[in-house]
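A structural walkthrough
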Amino acid sequence: MPEALVLGGGGVAGIAWITGLLAGLADAGQDVTAADVIVGTSAGATVAAQLGSGVALEELDARQTKPELQAAEIMVDVNLESFRDQVAVVLRNATTVPEMRRALGRWALGAATVPEPERRAVIESRLPSHAWPVRALRIVAVDAESGEPRVFGNGSGVSLVDAVTASCAVPGVWPPATIEGRRYIDGGVRSIANADLAAGASRVLVIVPLGAEVFPSDKPLAVAVEELRGGGAEVATVEPDDASLAAIGANPLDPRTRKPAAEAGRAQGRSLKIEWSRL
């Protein structure tokens with residue numbers, strides 16, 4: 001049975017931290033990047049695409065820590081706790097999870113953001129390759145109007161850059177991504193990691209830079225993990241330790257967090273022993 005790597009959302013700091021963590025695990029003889037299936041959500045979608053590019057993990061880490069190799073990013077001033085308060089206001093009249101997703105979609109569609117092509121160019125610069133990898137890649141986004149999730153994959157007919165752009169479209173911060181005439185927002189609107197999409201794998205490693213859900217979910221991480229274990233999979237989850245949390249900081253969208261987050265992630269990975277468990 002296949003092994004799966006599940007990478008959750010967490011902004012540019014999350015991209016850096018996941019990359020550093022994976023490099024640190026490899027340093028310690030626990031390279032998990034050859035997983036048969038990768039599920040990527042938001043920041044995790046970026047890392048998933050980067051892992052499939054053929055670029056060595058060491059170079060991917062350098063792209064986070066060395067200024068001359070870093071992708072072009074757009075600075076945005078967002079405090080995670082204040083953002084959660086904004087989300088609560090947007091959702092105040094919604095009573096079901098589908099209604100909440102549609103409310104977040106309306107917010108995203110009406111928000112003043114940078115132009116969509118400018119945001120897409122950022123994602124384009126993050127990815128060493130714009131071709132889908134051979135291995136199975138599942139990138140999650142949510143339709144801004146219907147609230148329905150969509151999983152983009154190797155055979156979806158959608159460009160990798162567009163799929164990652166959609167999965168990274170944080171509502172209220174970045175413009176929804178247009179794909180086939182529809183507008184899509186961040187896959188984290190469904191779940192912080194969408195770990196249930198790894199069902200069928202014998203072993204699943206879930207890496208979540210932010211840990212807790214940012215948006216209400218009908219498939220929260222804890223539930224998805226228990227379902228995977230109930231299905232017979234060995235599952236391990238990794239969240240930032242205290243040093244990594246400090247490096248990620250209150251604004252995970254700040255490009256200046258990349259170097260410290262990657263370095264903290266690598267240190268954590270080097271000292272980490274993955275603990276697998278099943279029911």
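Description of the structure in this document. Since the model is a prediction, treat every value here as computed from it, not as a measurement. (Residues numbered from 1 in each chain as written. Predicted model: local features only at pLDDT ≥ 70, side-chain atom pairs only at ≥ 80, totals over all residues. Heavy atoms only, no water.)

Turning to the overall build of the protein, a few remarks are in order. Helix and strand counts for the protein stand at ten helices and eight strands. At 17 Å, the protein has a C-alpha radius of gyration in line with the 19 Å of a compact globule built from 279 residues. Taking the principal axes of its C-alpha atoms as reference, the protein extends roughly 45 × 45 × 40 Å. The proportion of buried residues among the 279 residues of the protein is 57%. Long-range contacts, defined as pairs at least 24 residues apart, comprise 78% of the intrachain contacts of the protein with a sequence gap of at least 6. (Helix = DSSP H or I, 4+ residues; strand = E, 2+ residues; numbered from the N terminus. Rg over C-alpha atoms; globule rule 2.2 N^0.38 Å. Buried < 20%, exposed > 50% of the residue type's maximum accessible area, 1.4 Å probe, protein only. Contact = heavy atoms within 4.5 Å.)

In this structure the tally under the stated criterion is 19 salt bridges. One salt bridge in this structure joins Arg256 and Asp254, with 2.8 Å as the shortest N-O distance. Linked by salt bridges that have partners in common, Asp27, Glu58, Asp61, Arg266 and Arg270 make up one network. (Salt bridge = Lys/Arg side-chain N within 4 Å of Asp/Glu carboxyl O.)

To continue, consider helix H8 (residues 221-230). Where H8 is concerned, the buried positions are Leu221, Ala224, Val225, Leu228 and Arg229. Angular distribution of buried residues about the axis of H8 spans 135°; they occupy a single face of the element. Turned more than 90 degrees off the buried face of H8, the exposed positions are Ala222 and Gly230. Against strand E7 (203-207) and strand E8 (234-238) lie the buried residues of H8. After H8 finishes, the residue Gly232 shows a positive phi value of roughly 100°. (Arc of directions from axis to C-beta.)

A few words on the packing of helix H1 (residues 11-27) against helix H2 (residues 43-51). Viewed as axis vectors pointing N to C, H1 and H2 meet at an angle of 45°, and their least axial separation amounts to 8 Å. Viewed along their axes, H1 and H2 adopt a mutual orientation that is oblique. Considering the relative orientation of H1 and H2, their crossing is right-handed. Here Gly11, Gly14, Ile15, Ile18, Thr19 and Leu22 of H1 lie close against H2, whose contacting residues are Ala43, Gly44, Thr46, Val47, Gln50 and Leu51. Looking at side-chain class alone, the contact of H1 with H2 contains six nonpolar, six polar and no charged residues. (Axes fitted to C-alpha atoms, helices over the stretch in contact; angles between N-to-C directions. Parallel < 35°, antiparallel > 145°, perpendicular 65-115°, else oblique. Left-handed = near helix turned anticlockwise from the far one by under 90°. Nonpolar A, V, L, I, M, F, W, Y, C, P; charged D, E, K, R; others polar.)

Within helix H3 (residues 57-65), seven of the nine residues are buried, which leaves the element mostly enclosed by the surrounding structure. Taken together, the buried positions of H3 are occupied by Leu57, Leu60, Asp61, Ala62, Arg63, Gln64 and Thr65. Against the buried residues of H3 lie H1, H2, helix H6 (116-126) and helix H10 (258-271).

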